[in-house]
Amino acid sequence: MFEDEIRFLRKMSKRQLAQQVLNFLMIVSSALMVWKGLALYTNSESPIVVVLSGSMEPAFYRGDLLFLGMPDEPVRVGDICVFKISGRDVPIVHRVIKLHDERKTGKQYILTKGDNNQVDDRGLYNPGQHWIHKEDIIGKVKGFLPE
């Protein structure tokens, strides 16, 4: 399967091989720097995400790229947010449908729902959890690139 590539690598001198490895490492480190730069600029741990389900159709379809930002402004009803549920790896992209602000603590309680879903997301949250909080939000959708 890779016999030709292995033969090609064996014909290279140590200097040529080292140069190829360094070129590869430069490409990987450049990509990581761009990613980290975007994360700092957008104030989001993940500045770009891919839509994985059809729960937000017709707004977004599977495979669409979403560009996120995390502005200092509060979350509002109608915002499309990407959030993570503690203990789960896959982020969820849904719209905010209800808010509750607690005056004493200033904490914001957020309820979400996929545009294409019949019910809100309380069934997706952890058992006993009825709301998410701003700390759970990775970012708000600022733009998208269709598949």
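Residues numbered from 1 in each chain as written. Predicted model: local features only at pLDDT ≥ 70, side-chain atom pairs only at ≥ 80, totals over all residues. Heavy atoms only, no water.

The protein chain is annotated in an unreviewed UniProt entry as Signal peptidase complex catalytic subunit SEC11 from Gigaspora margarita. Under the Catalytic activity (unreviewed entry) heading, UniProt states for the protein chain: "Cleavage of hydrophobic, N-terminal signal or leader sequences from secreted and periplasmic proteins." Per UniProt, the protein chain carries the Function (unreviewed entry) text "Catalytic component of the signal peptidase complex (SPC) which catalyzes the cleavage of N-terminal signal sequences from nascent proteins as they are translocated into the lumen of the endoplasmic reticulum. Specifically cleaves N-terminal signal peptides that contain a hydrophobic alpha-helix (h-region) shorter than 18-20 amino acids." (UniProt positions renumbered as here; feature names shortened; annotations may be inferred.)

Draft legend 1. How the structure looks around the environment of V50. Note that V50 resides in strand β1 (residues 48-50). On the basis of relative accessibility, which here comes to 42%, the residue V50 falls in the partly exposed class. Leaving out residues up to four positions away in the same chain, V50 has contacts with G63, D64 and L65. (Helix = DSSP H or I, 4+ residues; strand = E, 2+ residues; numbered from the N terminus. Buried < 20%, exposed > 50% of the residue type's maximum accessible area, 1.4 Å probe, protein only. Contact = heavy atoms within 4.5 Å.)

Draft legend 2. Representation of the pattern of salt bridges. According to the stated counting rule, one finds 4 salt bridges in the structure shown. D115 is paired through a salt bridge with R95; the nearest N and O atoms lie 2.7 Å apart. In this pair, D115 is assigned in the loop between β5 (108-113) and β6 (137-145) and R95 in strand β4 (residues 92-101), connecting sequence segments 20 residues apart. By relative accessible area, which is 24% here, R95 ends up partly exposed. The salt bridge involving K107 is made with E135; its shortest N-O contact spans 3.5 Å. Pair noted here: K107 is in the loop between β4 and β5 and E135 is in the loop between β5 and β6, with a separation of 28 residues, a long-range link. By relative accessible area, which is 32% here, K107 ends up partly exposed. (Salt bridge = Lys/Arg side-chain N within 4 Å of Asp/Glu carboxyl O.)

Draft legend 3. Inspection of the UniProt feature "transmembrane region" (unreviewed entry) in the protein chain at higher detail. The sites that carry the UniProt feature "transmembrane region" (unreviewed entry) are, in the present numbering, residues 21-41. Overall, residues 21-41 shows 100% helix and 0% strand. The separation of its end C-alpha atoms is 30 Å.

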